[in-house]
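# Structural characterization, general
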Amino acid sequence: MTAPNEPLETVSLDLSGPRHDEVLVRLAATGICASDAHTHSGRIPSPAPCVLGHEGAGVVERVGASITHVASGDHVALSWMPSCGTCRHCVSGRPVLCTAAAPAMFAGTLLDGTVRLHRGSQPVSHYSFLSTFATHAVVPASSAIRIDRQIPLGIASLVGCGILTGYGAVVNKARVAPGSSVVVFGAGGVGLSAIMAARVSGAGQILVVDPVAAKLDEARLFGATDGLVPSDDLVEQIRDLTGGGADVAVDAAGGEGILGQAFSATVPGGTIVCVGIPDVRARPSLPGAELVRDEKVITGSLYGSSRPSVDIPSILRQYAAGALPLDRMITRSYRLDQIGDAFVDMRAGRLKRGVVVFDEHLAGVAPAGDDVRLAA
Ligand SMILES: [Zn+2]
Ligand SMILES: [Zn+2]
C-alpha cells in the first residue's frame, strides 16, 4: 500500500534478515481481514508505504541467535500481538495488553522500533508486526507460534486474527458454561467464530443477530440455534427465546446501539462482551439503575483476551479433531496479484474469509477459485 485509497501494488522489496529475537517465515497462505481494508481506506490510520496483511501461516526459514522456541523448517501460525514477556500485563498472563507492543504497532515497526522492509533506500512500514501480503516476513519471536505439521497452512493462516478474537471472547472472557444461552450480534468472521466457540463450550442455546438473512442461515452451519434480524422488538424476542435473557451477549459488530440491546437482552448477573470496535467518537449510554441492580458485567475483549501461544495451537487441535469447522470459513482464494479483487469482494460482503495462497501444497487450498479446499 503506497498510500490510503491508492491502488494496491505487487512489487519486489528488500527484506533484511531476522535480528537476534526475530524469525524469518516463508508464507504459505494469508487471510484477508476487514482491518486491512479499513487501513487501505484510511479509517484505521497506519504509516505508509507499508505491506498489509496480519494473519498468516508458513514455514520458518531462519531464526535469530536467541530463538529457541522454533527452528528452521517448523510450521508456524502468526500472531499480530507479540508480547515482551516482562511488563506487568505480560507477567500477569494478559499478553494482549503488553505495554511494549502497541506503540511499535502504531509506528509500523518491529518491537525494536526499526523496519526490515525497504524499497531501494526508502523504508517501508510493517503492518501489525506481520505484513503477510508477501512471500516472506520477518516477525518478532512471540509472533511465530509453532503448530502441528498436519494442519493445512491455509486453515492455520486464518486463526491469528478473527477466529482467535471471536473464539477467545467466548472461551477466555465470557467463560461460557455448558447449557447456558449466548446471543451473538454480527455474523461475520468474528461472530461465526464466537458461535463455534459457544458450541464447543456446550452452550444450550446460541442466538445470532444480523441484518443479512443469508448470513443467519450460514451461522446455523456453525452452531447457531436461532437467527434473528434486528427489529423494534429484538430485545423482547431474545428474552422470550431464552426465558428471561441470555447468560452471555457478544457484540461482534460494534455498531451504534448494539451495546444497549446486548445489555437489555442479557439476564441479571449476565455478561456482555464487547468485541467489535465502534466508531472512536461513539459514547454509548446505558440504563444506570439497572447497571447497579442487575449486577451485569460489561467487558471488552481484545484479540480474544488470548495467550496466542496457548490458544492458537488449541484451536487448531480442536479443528483437527473435527470440533471446529474452520474449513467453512474460507469463501474464496486468490493469488497475491489479485489482492485488489479480494478487497472488492470483501467490501461487497461476499467473503467470510478470503485467502491468498502462496504455496498450494502446504496451504491445502487451491490458489484461485471458489471451490478451494483440496482433497486431503
Ligand atoms: Zn484482522
Ligand atoms: Zn509485555
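Predicted model only: the values in this text are computed from it and were never measured.

Definitions and limits used
- Residues numbered from 1 in each chain as written.
- Chains lettered and ligands numbered in written order.
- Predicted model: local features only at pLDDT ≥ 70, side-chain atom pairs only at ≥ 80, totals over all residues.
- Heavy atoms only, no water.
- Helix = DSSP H or I, 4+ residues; strand = E, 2+ residues; numbered from the N terminus.
- Buried < 20%, exposed > 50% of the residue type's maximum accessible area, 1.4 Å probe, protein only.
- Contact = heavy atoms within 4.5 Å.
- Patch = residues over 30% accessible without salt bridge, like charges linked within 9 Å, V, L, I, M, F, W, Y side chains within 5 Å.
- Areas by Shrake-Rupley, 256 points an atom, 1.4 Å probe, with all protein chains shown as cover.
- Salt bridge = Lys/Arg side-chain N within 4 Å of Asp/Glu carboxyl O.
- Donors = N, O, S within 2.8 Å, 3.2 Å for Na, K, Ca; no water.
- Domains from an automatic or database assignment.
- Buried area = accessible area lost by both parts, 1.4 Å probe.
- Phe/Tyr/Trp six-rings, centres within 6.5 Å; stacked < 30°, edge-to-face > 60°.

Time to look at the environment of Gly304. Its location among the elements puts Gly304 in the loop between strand S14 (297–300) and helix H10 (308–320). The class of Gly304 is buried, set by a relative accessible area of 0%. For the pair Gly304 and Tyr167, spaced 137 residues apart in sequence, the C-alpha to C-alpha distance is 6.4 Å. Once residues lying within four places of it in the same chain are set aside, the contact partners of Gly304 are Leu164, Thr165, Gly168, Ala169 and Asn172.

What follows concerns a nonpolar patch on the surface. Together, Leu291, Val292 and Ile298 make up a nonpolar patch on the protein surface, roughly 250 Å² of accessible area in all. Mapped onto the elements of the fold, Ile298 is located in strand S14.

Turning next to the coordination of the zinc ion (ligand 1). Only Cys33 (SG), His54 (NE2) and Cys161 (SG) from the protein coordinate the zinc ion (ligand 1), and they sit 2.0 to 2.2 Å from it. For the zinc ion (ligand 1), all donor residues lie on one chain, and their spacing in sequence is C-x20-H-x106-C. Highlighted residues: His54 in the loop between helix H1 (34–40) and strand S3 (56–63) and Cys161 in helix H4 (residues 153–174), separated in sequence by 107 residues. Judged by its relative accessible area of 2%, His54 is buried. Look at Cys161 and you get buried, because its relative accessible area is 7%.

Next up on the list: the domain arrangement of the protein. Annotation of the protein at the domain level lists domain 1 (14–146 + 325–363) and domain 2 (166–302). Relative placement of domain 1 and domain 2: their C-alpha centres are 29 Å apart. Contact with domain 1, which involves ten residues of that partner, is made by eleven residues of domain 2. Regarding the contact of domain 1 and domain 2, the summed buried area is about 850 Å², with carbon and sulfur atoms giving 69% of it.

At 2.3 to 2.4 Å from the zinc ion (ligand 2) lie its protein donor atoms, namely Cys84 (SG), Cys87 (SG), Cys90 (SG) and Cys98 (SG). Along the chain, the residues that donate to the zinc ion (ligand 2) are spaced as C-x2-C-x2-C-x7-C.

Another point: the packing of aromatic side chains. Throughout the structure, instances matching the rule amount to two aromatic pairs. Considering the side-chain rings of Trp80 and Tyr303, the 4.2 Å spacing of their centres and the 25 degrees angle between planes classify their relative orientation as stacked. You can see Trp80 sitting in the loop between strand S4 (75–78) and helix H2 (88–91) and its partner Tyr303 sitting in the loop between S14 and H10, a full 223 residues away along the chain. The residues Trp80 and Tyr303 share a single accessibility class, namely buried. Note on Phe133 and Phe343: the rings are 6.3 Å apart at their centroids and 70 degrees apart in plane angle, and the pair reads as edge-to-face. Of the two residues, Phe133 is situated in the loop between strand S6 (122–124) and strand S7 (136–140) and Phe343 in helix H11 (residues 339–347); the sequence distance between them amounts to 210 residues. A relative accessible area of 10% places Phe133 in the buried class. Judged by relative accessible area, Phe343 falls into the buried class, the value being 1%.

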